[in-house]
Amino acid sequence: MNHLKPIIFSLFLAAFSLTACGQGKLSPISTPNSNNKRSIQNAKAEVKLDQLKLPPGFKISVWAADIPNARSMAISDNGIVFVGNRQEKNVYAVVDENGDGKADAKFILAEGLRMPNGVAYKNGDLYVAEVNRILRFKDIKNTLTNPKYEVIYDGYPTDAHHGWKFIAFGPDGMLYVPVGAPCNICEKENPIYASITRLDVSKPGSKPEVYAHGVRNTVGFDWRPGTSELWFTDNGRDMMGDDIPDCELNRATAKGQHFGYPYWHAGTVKDPEFGDKGKAASAYVAPAAKMGPHNAPLGMRFYEGGMFPTTYKNSAIIAKHGSWNRSKKAGYEVVVAKVDSSGKVTGQETLISGWLNDATQEVWGRPVDVQELPDGSLLISDDMANCIYRLTYSK
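Residues numbered from 1 in each chain as written. Predicted model: local features only at pLDDT ≥ 70, side-chain atom pairs only at ≥ 80, totals over all residues. Heavy atoms only, no water.

## Here we look at the packing of aromatic side chains
Where two aromatic rings form a pair, the distance of their centres and the angle of their planes describe that pair. Stated formally: What counts as a ring pair is set by centres within 6.5 Å for rings of Phe, Tyr and Trp (its six-membered ring), and what kind of pair is set by the plane angle: stacked under 30 degrees, edge-to-face over 60, tilted for all other angles. Only DSSP runs of H or I reaching four residues or more are called helices, and only runs of E reaching two or more are called strands; each is numbered from the N terminus. Relative accessibility thresholds used throughout: buried, under 20% of the residue-type maximum; exposed, over 50%; partly exposed, between the two (1.4 Å probe, protein chains only).
Under the definition given, this model contains 18 aromatic pairs. Pairing F58 with F308 gives two aromatic rings, centres 5.0 Å apart and planes at 75°, and the pair type is edge-to-face. Of this pair, F58 sits in strand β2 (residues 58-64) while F308 sits in the loop between β21 (297-302) and β22 (316-320), and the two are 250 residues apart along the sequence. Accessibility assignment for this pair places F58 and F308 in one class, buried. For the ring pair F308 and Y312, a centre distance of 6.0 Å and an interplane angle of 75° mean the geometry is edge-to-face. The same class applies to F308 and to Y312, which are both buried. Through a chain of ring-to-ring contacts, the aromatic side chains of F58, Y303, F308, Y312 and Y393 assemble into a single cluster.

Written as structure tokens, this is what we have:
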């Protein structure tokens, strides 16, 4: 039996290694050459990774460079990462062809679109949100070299103000699509404004229904693991001063809830223009957490991987894009909101900071969205540095 001990020990180490590294691994993705494929293997990003501050054990690197205005992300079942943008007009598919943890190529899937910020993936198809249209690229994994799309809905408002969209599929199979307020602060008769809608993409001719009301501008949401709770970030109104109101992390537990805009902000701040037109603050759903004033929390996802320490499991990881008109800049960081089993936020902590030099007020990067890879590492898009980072952890 003694001769079996080294074998048993080796098997134990292998099992431990798989558990420690995450629930999956990065697999090579072989893709053919084509006219819309570009190599980014040697592309460089203008970044200052040495200025980023991380907790012990974490490491950040550039996963993909030369991704102009990289914004919202989605991932296929075999690890292809789709990327939309707001200031550009293209949609990309980015691939790590050799499985080494760094992207090698990008495919241009579409050009000339209007703010194609939102991307979502389901059952082999890619969905892209423009300002007023939802597009579908069927069987995208097998059509990267010759992508074609169909318009499945084109009836959303055409307003550019807060018109860019983050989209995602919920546990009910519906595509959730926000419609931001077409202003800083206003009240519109059409209830589709300042809302999160959902659309049944499986039924031709379907029209969106409003799921959540009173949502000024959400550019990121996810469902708490094991539940049907929709959690979303929301950017607070401007022009009330540097420190009022807070941006929000919200929790929707049922269809039809109202989250206060334009009457109340951050749960307790009555709007000076529209507050008297609404109900008491208690009539609206208060934030699950206040995120600080004017720091633009955008992309968020609950971490379900096995690479990071267990304290991160089922926590919300949120990218704060950063303020645009605050006298002293705020945000420009990635944070973690710890959520207990009852759905209560028990605390917030910084995961990554350093894109903003607080002393000089200089900024070199702006995180937008977060997306987990199969091995439990985390991608973070940056629309200022035009790249995507990869965050890893090892003891």
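Structure's up, so let's keep going.
## Examining the pairing of strand β8 (residues 125-129)
The test is simple: Two strands qualify as a pair provided that DSSP identifies no fewer than 2 bridges between them.
Extensive coverage of β8 is indicated by the burial of five of its five residues. Burial along β8 is two-sided: D125, Y127 and A129 and L126 and V128, pointing in opposite directions, are all buried. As paired strands, strand β7 (residues 118-122) and β8 are joined by five bridges and run antiparallel to one another. Bridge assignment links A120 to a residue of β8, and that residue is Y127. Between β7 and β8, which follow one another and run antiparallel, lie two residues, and N123 among them has a positive phi close to 50°. Looking at chain direction, β8 and strand β9 (residues 134-137) are connected through four bridges and run antiparallel. Each residue of the ladder has a partner; that of Y127, found in β9, is R136. If you look at the hairpin formed by β8 and β9, you'll find four residues sitting between the two strands.

## Notes on the pattern of salt bridges
Selection criterion: Here, a salt bridge means any side-chain nitrogen of Lys or Arg that lies within 4 Å of a carboxyl oxygen of Asp or Glu.
Considering all chains together, one arrives at 23 salt bridges under this definition. Note that R136 is salt-bridged to E150, the shortest N-O span being 2.8 Å. Note that R136 is positioned in strand β9 and E150 in strand β10 (residues 150-153), a separation of 14 residues in sequence. For E150, a relative accessible area of 29% translates into the label partly exposed. The partner of E273 in a salt bridge is R237, with the nearest N and O atoms 3.5 Å apart. With a gap of 36 residues between them, E273 in the loop between β19 (269-270) and β20 (289-293) and R237 in the loop between β16 (230-234) and β17 (246-252) connect regions that are remote in the sequence. Look at the salt bridges and you will find they share partners, linking D172, R198, E209 and K255 into a network.

## What about the sheet that holds β7?
The condition that has to hold: Every axis corresponds to a line fitted to the C-alpha atoms, with the helix fit spanning only the stretch in contact, and the corresponding angles, defined between N-to-C directions, vary from 0 to 180 degrees.
Here four strands make up an open sheet; going across it, the order is β7-β8-β9-β10 and the pairing antiparallel. Each edge of the sheet is formed by a strand with only one pairing partner; in this case those strands are β7 and β10. Along the sheet, successive strands turn relative to each other by an average axial angle of 30°, direction set aside. As defined by bridge partners, β9 adjoins β10 across three bridges and the pair is classed as antiparallel. From the neighbouring strand, I134 faces β10, where its bridge partner is Y153.

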